[in-house]
Amino acid sequence: MRPKNVADWAEVISAFAVVISLFYLAFSVQQNTDAVRASTLNNVTTDIGTLMQVGARKETATITMKARNDEPLSDTEKEQFLYWFFQNIALTESAWLHREQSRIDGGYYETMVPFLCYVVNNKAGREIWFEWKDSITEAFWLETMEKCSFKAVPSAH
């Protein structure tokens, strides 16, 4: 073989190696993307389970039902409801952000929205929702306002 032919063949083999490497890289990136999505979904699902366990506690359920029935809450109950409320917001907002980045399916996120609406759509919940709106991602806040049909609580004069 002449040196020129060897160089030509080496160039062809190099080109094939680059193409094979690109396919392998694409495959690896897809596997990583799938793993990140699965991990994110697992984390969100685990967080939902934890949230449900907290909500099933008698004390939390009692405060939630008082809030749902617009019954007055003691100062301690208001504080407890605030933290319960923000657990719901934080989890749902996190899932919303994951949906925005395509790390979880939009349909999965949509199954979470009715529960958030349930927790927020009462006088105590809406007071917190509107008072703390600047601590919530604006686009998430606006989308949730629409999905849950939230209205501001009339101010007491």
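Further up the page is the structure itself.
On a predicted model such as this, the values are computed, not experimentally measured, just so you know.

**Student:** Give a detailed account of the environment of Thr 62, specifying residues and quantitative values.
**Tutor:** In this fold, Thr 62 is placed in helix α2 (residues 58-68). Taking C-alpha positions, Thr 62 is 35 Å from Arg 103, a pair spaced 41 residues apart along the chain. Among the polar contacts listed, one links the side chain of Thr 62 to the backbone oxygen of Lys 58, at a separation of 2.8 Å.

**Student:** Lay out the state of the cysteines in plain terms, naming residues and giving numbers.
**Tutor:** Between two cysteines, a covalent bond joining their sulfur atoms is known as a disulfide. Inspection of every chain in the model, using the stated rule, returns one disulfide. Disulfide partner of Cys 117: Cys 148, at an S-S distance of 1.8 Å. Of note, the bridge from Cys 117 to Cys 148 carries an S-S torsion of about -75° and is left-handed in sense. In this pair, Cys 117 is assigned in helix α4 (residues 106-120) and Cys 148 in helix α6 (residues 138-148), connecting sequence segments 31 residues apart. For the residue pair Cys 117 and Cys 148, the accessibility class agrees, reading buried in each case.

**Student:** Mind laying out unusual backbone geometry, listing which residues take part and the relevant values?
**Tutor:** A positive phi angle is found at Asp 70, which is not glycine, with a value near 55°. Its location among the elements puts Asp 70 in the loop between α2 and α3 (75-100). Its identity as a non-glycine residue notwithstanding, Ser 149 has a phi of 55°, on the positive side. Take Ser 149: it is sitting in the segment after α6.

**Student:** Hey, could you go over the nonpolar core for me, with residue numbers and the actual values?
**Tutor:** With 32 residues, the main nonpolar core has Phe 81, Phe 85, Ile 89, Tyr 109, Val 120, Trp 129 and Phe 140 as its most contacted residues. It is α3 that contributes the most residues to this core, eight residues altogether. Once residues within four sequence positions are removed from consideration, Trp 129 is found in contact with Phe 85, Ile 89, Val 120, Ile 136, Phe 140, Trp 141, Thr 144, Met 145 and Phe 150.

**Student:** Can you break down the packing of aromatic side chains residue by residue, with the values?
**Tutor:** Considering all chains together, one arrives at ten aromatic pairs under this definition. Between Trp 84 and Phe 115 the ring centres are 6.4 Å apart and the planes differ by 80°, which places this aromatic pair in the edge-to-face class. Highlighted residues: Trp 84 in helix α3 and Phe 115 in helix α4, separated in sequence by 31 residues. Note on Phe 115: relative accessible area 25%, which makes it partly exposed. Where Phe 130 meets Trp 141, the ring centres are 5.6 Å apart and the plane angle is 85°; that geometry is what we call edge-to-face. In this pair, Phe 130 sits in helix α5 (residues 123-131) while Trp 141 sits in helix α6, placing the two residues eleven residues apart along the sequence. Phe 130 sits in the partly exposed class, given a relative accessible area of 25%. A network of ring pairs unites the aromatic residues Trp 96, Trp 129, Phe 130, Phe 140, Trp 141 and Phe 150 as a single cluster. The ring of Trp 141 carries the charged tip of Lys 133 above its face, separated from the ring centre by 4.3 Å.

**Student:** An account of the packing of α3 against α6 is needed here, citing residue identities and associated values.
**Tutor:** In the contact formed by α3 and α6, the axes pass within 10 Å of each other and the chain directions differ by 105°. Accordingly, the angle class assigned to the pair α3 and α6 is roughly perpendicular. Residue-level inspection shows Ile 89, Thr 92, Glu 93, Trp 96 and Arg 99 of α3 in contact with α6, the latter providing Ala 139, Phe 140 and Glu 143. The residue makeup of the contact of α3 with α6, split by class, is four nonpolar, one polar and three charged.

What counts, and where the lines are drawn
Counting restarts for each chain, with residues numbered from 1 along the sequence as it is written. Reporting of local features is limited, given that this is a predicted model, to residues whose pLDDT is at least 70; pairs of side-chain atoms are given and counted only at 80 or more, and all residues count toward the totals for whole chains, interfaces and linings. Only heavy atoms go into the side-chain values, all of them from the structure, while hydrogens and water stay out. In this description a helix means any DSSP run of H or I spanning at least four residues, a strand means any run of E spanning at least two, and both kinds are numbered starting from the N terminus. Whenever a nitrogen or oxygen atom comes within 3.5 Å of another N or O atom, the pair is scored as a polar contact, on the condition that within protein one atom can donate a hydrogen and the other can accept it, and that pairs from neighbouring residues in sequence are kept only if both atoms are in side chains. Any two cysteine sulfur atoms within 2.5 Å of one another count as a disulfide. Burial status follows relative accessibility: with a 1.4 Å probe on protein chains alone, a residue under 20% of its type maximum counts as buried, one over 50% as exposed, and anything between as partly exposed. In these notes, a set of buried Ala, Val, Leu, Ile, Met, Phe, Trp, Tyr and Cys residues joined through side-chain atoms within 4.5 Å is what counts as a nonpolar core. Should any heavy atoms of two residues lie within 4.5 Å, those residues are counted as being in contact. In summary, the pairing rule links any two rings of Phe, Tyr or Trp, Trp by its six-membered ring, whose centres are within 6.5 Å, and it sorts them by plane angle into stacked for under 30 degrees, edge-to-face for over 60 and tilted for everything else. Two conditions define a charge located above a ring, namely a distance within 6 Å from the ring centre to NZ of Lys or CZ of Arg, and an angle within 35 degrees of the ring normal. An axis is simply a line fitted to the C-alpha atoms; with a helix, the fit covers only the stretch in contact. Between two such axes, the angle follows the N-to-C directions and lies from 0 to 180 degrees. In what follows, roughly perpendicular refers to angles from 65 to 115 degrees, roughly parallel to angles under 35, roughly antiparallel to angles over 145, and oblique to any angle outside these ranges. Each residue is assigned to one of three groups, with Ala, Val, Leu, Ile, Met, Phe, Trp, Tyr, Cys and Pro labelled nonpolar, Asp, Glu, Lys and Arg labelled charged, and all others, Gly among them, labelled polar.

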